[in-house]
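A structural walkthrough
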Amino acid sequence: MAQSADSINVFTISLGCPKNRVDTERLLGALGPAMVPVDEVADAHLALINTCGFIQPAVEESVNAILDAVRDAGEAETSTGRRPVVAVAGCLVSRYGQDLRAELPEVDLWLSTDELERWPDMAAKALAAVTRADAPRRLSTGPAYAYLKISEGCSHNCRFCTIPSIRGPHRSRPVAPLLSEARELAAQAPEIIVVGQDSTSYGSDLGDGNTIKDLVTGLAALPGLAWLRLMYLYPAGLTDDLLAFLRQIGAPLLPYFDIPLQHAHPDVLGSMGRPFARNPRKVIDRVRAHFPEAALRTTFIVGYPGETDEHFEHLMRFVEETRFHHLGVFPYWAEDGTPAAAMDNQVDEAIKLARRDALMALQADISREIMETHVGETLPVLIEAPSPEWPGLYVGRTWFQAPEVDGVTYVSAPPETELALGTIVDVEIEKADTYDLSGLV
Ligand code: SF4
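Residues numbered from 1 in each chain as written. Predicted model: local features only at pLDDT ≥ 70, side-chain atom pairs only at ≥ 80, totals over all residues.

This part covers the overall build of the protein chain. Within the protein chain one finds twelve helices and 18 strands. Seen through its principal axes, the protein chain has C-alpha atoms that stretch 80 × 60 × 40 Å. Look at the contacts in the protein chain between residues 6 or more apart in sequence, and 72% of them connect residues 24 or more apart. (Helix = DSSP H or I, 4+ residues; strand = E, 2+ residues; numbered from the N terminus. Contact = placed C-beta atoms within 7 Å.)

Of all hydrophobic cores here, the largest spans 70 residues; its most connected members are L148, F160, I192 and L215. Both domains that furnish three or more residues to this core are identified here as domain 2 (145-372) and domain 3 (378-440). Setting aside anything within four residues of it in sequence, one finds I192 in contact with A146, L148, A182, L185, A186, L219, L225 and L228. One finds I49, I66, A87 and A89 within the second-largest nonpolar core, a separate group that totals 30 residues. (Core = buried A, V, L, I, M, F, W, Y, C linked by C-beta atoms within 7 Å. Buried ≥ 20, exposed ≤ 12 C-beta atoms within 10 Å, placed from the backbone. Domains from an automatic or database assignment.)

As a further point, take the domain arrangement of the protein chain. The domain architecture assigned to the protein chain consists of domain 1 (8-134), domain 2 (145-372) and domain 3 (378-440). Each of domain 1 and domain 2 has a C-alpha centre, and these two points are 41 Å apart. If you look at the interface, domain 1 gives four residues, while domain 2 gives five residues.

What follows deals with the site of the ligand. Inspection of the region around the ligand gives C154, H156, C158, C161, I163, P164, Q197, D198 and Y234 as its neighbouring residues. A breakdown of the residues in the shell around the ligand according to their chemical character gives six nonpolar, two polar and one charged. (Near = placed C-beta within 6 Å. Nonpolar A, V, L, I, M, F, W, Y, C, P; charged D, E, K, R; others polar.)

Now the structure itself:
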């Protein structure tokens, strides 16, 4: 059934005695005139099970009703991306509250019979989250690009990182709701940028057989999408099989590879708990074997506990040889509660900063040389904004420049010509700076 933005669709099961039914009616009444009864959990914003715990058969019946609702809510999420709130009230909660909470973490709200007056408030808060999720996104990133978050959390265990403990294990959003969100985004902006803690692991937790390949296939077919950029490609996930697949996908997928390596020396990588092959050269060679034209971005941490001068020199040589288009360098920061923070061979702050500066200086030279190779070329540039200072000048990005982290391309338009924001124009590149390009339409 269709959902109106103003209605609260409620699926209800009321078990046990008439007193319980009255409680159920009160709970429903407290939701106000927006409440619309529905017959299936899949159609609901809220699934309310009012239980009975009087005798053992009633307990079993109640538990089965809860399990059914939890299962149906999970299936609804898989097919629509919106999970109904599951609320359980009544005598069973009063009788077995704590045990039930531990056994059934999928239930969102528990309400014992002496907590009924808290219901309107609890329900309103839980429903605010789920009904908001129905609302279309309003882009905050302007008319050129939109981020698509494909997963939450991370199941790797890098010893310097707090993400797994804060955000929990890797959980992928199902393909269908991602594609419908992306379709809306592509109608508003020509570029979609896929983000997640590890995009290559996408789908491994879904249990429906879908992987990053299925998602990319669907995204690449979206009408109106000009550029598709994948960020956060965990090195071990960039297998020959995936790379061959990405190659044959072609446009709108950009040959842009953001591969967070964090270090290049095998000892440091081992100590960081990064379980991919200890030689990151291999993944770079693999990418370039499939995409000789690839633009590579990575990030490194310098001054990780135990990083010696020799380890750092190894990293410098690796950067010199690899010639990344873009590089982020971060001095190691000891995050509370991480294993790396407890290591006793911490590196002096001044050394960390000096290493960061040395690596960035090396990359500045490499970046300028790479940018200079583009002078004289005609490149597609996505126009993002007019320059605030110079009439006729625009700020945009070409395919190897991701927003917020890479350089930009300044575009001069002929006099009296206005370039529409969010369009892609051919730009003749005239000048290269360390990180930016400039050219003419
Ligand atoms: S650094 Fe990245 S891959 Fe490693 S645990 Fe943190 S989020 Fe996961």
